[in-house]
Amino acid sequence: MLVGRVMTKNPVFVNPEMSINEVRSLMDKEKVGHLPVLDKNNVLCGIVTREDLYKASPSAATSLDMYEISYLLSKMTVKDVMVKNVITVEGSEVVEEAARIMADRGIGCLPVMRGKLLVGIITDTDLFRVFINAFGARHPGLRFTCNIQEKPGEIAKLTQKIAEQGGNIIAFITFDGDDLSCRRVTAKVEGLSKEAVEAIVREHPGIELEDIR
């Protein structure tokens, strides 16, 4: 799946001269936590997050009263708090690479570019939706996890048997096993009972059932 398929298109953005009070209000209105920053030529020059706004606000221990705090915040602009060295991706990038970048860099979003043009933004919320869809979480069915020997054809044996028994695979995901000898598989199927799936697994010595529900 490509980033362009799951990103938020035409995202709301701000300019460097906006006050952080305006930005906070915009975030609340749009129910977002990340806003790209575009300059007067509509070129991406930064990104601002709720965390950036929190860091810029006076601490609870400040001796300033609420009016002084409000005045200071009204004078502080996006360019004072935004992240300037923005990491971006292209819409043609695969979702898992975007997720890897976000996880490795400890960031919650990536602006999506087409050349120098901002076309979208992908956030951790978008990736959660991909995760939900990948596991078929919104569909009824029987979910099971098993360990399969890391040999050519072992997974094919499992899926073929499910099909032969009239089962329809809604989701099928593989992970690294506890060691190099096996892979962990999580699948969701419809059309089969718990007993039928357990029987399929028992027929294959190279498969060990870990969980079924």
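Residues numbered from 1 in each chain as written. Predicted model: local features only at pLDDT ≥ 70, side-chain atom pairs only at ≥ 80, totals over all residues. Heavy atoms only, no water.

Caption draft 1: Seen up close, the packing of aromatic side chains. A full pass over the atoms with the stated rule returns two aromatic pairs. When the centroid spacing of 4.8 Å and the interplanar angle of 50° are considered together, the rings of Phe 131 and Phe 135 count as tilted. Ring geometry for Phe 135 against Phe 175: centres 6.2 Å apart, planes inclined by 20°, an arrangement best described as stacked. Residue Phe 135 is located in the loop between helix 7 (124-134) and strand 7 (142-149), and its partner Phe 175 is located in strand 8 (residues 168-176); the two are separated by 40 residues in the primary sequence. Look at Phe 135 and you get buried, because its relative accessible area is 16%. Residue classification places Phe 175 among the partly exposed positions, given a relative accessible area of 33%. Joined through ring pairs, the aromatic side chains of Phe 131, Phe 135 and Phe 175 make up one cluster. (Phe/Tyr/Trp six-rings, centres within 6.5 Å; stacked < 30°, edge-to-face > 60°. Helix = DSSP H or I, 4+ residues; strand = E, 2+ residues; numbered from the N terminus. Buried < 20%, exposed > 50% of the residue type's maximum accessible area, 1.4 Å probe, protein only.)

Caption draft 2: Molecular detail of the nonpolar core. If you look at the biggest cluster of nonpolar residues, it comprises 15 residues, and the most contacted ones within it are Phe 144, Cys 146, Leu 158, Ile 162 and Val 197. Put simply, the parts of the chain that give this core at least two residues each are strand 7, helix 8 (154-164), strand 9 (182-190), helix 9 (194-202) and strand 10 (207-212). In terms of residue count, the dominant contributor to this core is strand 7 (four residues). Residues contacting Phe 144, with those up to four places away along its chain left out, are Leu 158, Ile 162, Val 185, Thr 186, Ala 187, Val 189, Val 197, Leu 209, Asp 211 and Ile 212. (Core = buried A, V, L, I, M, F, W, Y, C linked by side-chain atoms within 4.5 Å. Contact = heavy atoms within 4.5 Å.)

Caption draft 3: Quick peek at helix 8. Those residues of helix 8 that fall on the buried side of the exposure criterion are Glu 154, Leu 158 and Ile 162. Summarising the axial view, the buried residues of helix 8 lie within an arc of 80°, below the 170-degree limit, and thus occupy one face. Those residues of helix 8 that are exposed and aimed more than 90 degrees away from the buried face are Ala 163 and Glu 164. Elements in contact with the buried residues of helix 8: strand 7, strand 8, strand 9, helix 9 and strand 10. Of the residues flanking the end of helix 8, it is Gly 166, one or two places downstream, whose phi is positive at about 90°. (Arc of directions from axis to C-beta.)

Caption draft 4: Molecular detail of the packing of helix 6 (residues 95-105) against helix 7. Look at helix 6 against helix 7: their axes get within 11 Å of each other, and the N-to-C directions meet at 130°. Taken as axis vectors, helix 6 and helix 7 run oblique relative to one another. Considering how the two elements wind past one another, helix 6 and helix 7 form a crossing that is left-handed. Residue-level inspection shows Val 95, Ala 99 and Met 102 of helix 6 in contact with helix 7, the latter providing Asp 124, Leu 127 and Val 130. Taken together, the residues of the contact of helix 6 with helix 7 break down into five nonpolar, no polar and one charged. (Axes fitted to C-alpha atoms, helices over the stretch in contact; angles between N-to-C directions. Parallel < 35°, antiparallel > 145°, perpendicular 65-115°, else oblique. Left-handed = near helix turned anticlockwise from the far one by under 90°. Nonpolar A, V, L, I, M, F, W, Y, C, P; charged D, E, K, R; others polar.)

Caption draft 5: Structural context of the sheet that holds strand 9. Spatially, the four strands line up as an open sheet ordered 8-9-7-10, and their pairing is antiparallel. Pairing within the sheet leaves two strands with one partner each, and these edge strands are strand 8 and strand 10. Strand-to-strand twist in this sheet, taken as the mean axis angle between neighbours without regard to direction, amounts to 25°. Along the sheet face, helix 8 touches strand 7, strand 8, strand 9 and strand 10 and points at about 150° away from the line of strand 7. (Pairing = 2+ DSSP bridges.)

Caption draft 6: Quick look at the environment of Pro 11. Mapped onto the elements, Pro 11 comes out in the loop between strand 1 (8-9) and helix 2 (20-30). A residue is classified by how much of its surface remains accessible, and Pro 11, at 10% relative accessible area, is buried. Expressed as a C-alpha distance, the spacing of Pro 11 and Val 32, which sit 21 residues apart in the sequence, is 9.9 Å. With residues near it in sequence (within four places) discarded, Pro 11 still touches Pro 36, Leu 118, Val 119, Gly 120 and Ile 121.

Caption draft 7: Local environment of helix 7. Along helix 7, the positions that sit buried rather than exposed are Asp 126, Leu 127 and Val 130. For helix 7, the arc enclosing every buried residue in end-on projection is 100°, short of the 170-degree limit, so these residues lie on one face. When the buried face of helix 7 is taken as reference, the exposed residues oriented beyond 90 degrees from it are Phe 128 and Phe 131. Positive backbone phi, approximately 65°, marks Gly 136, located one or two places after helix 7.

Spatial relationships are all this shows, so hold off on functional conclusions.
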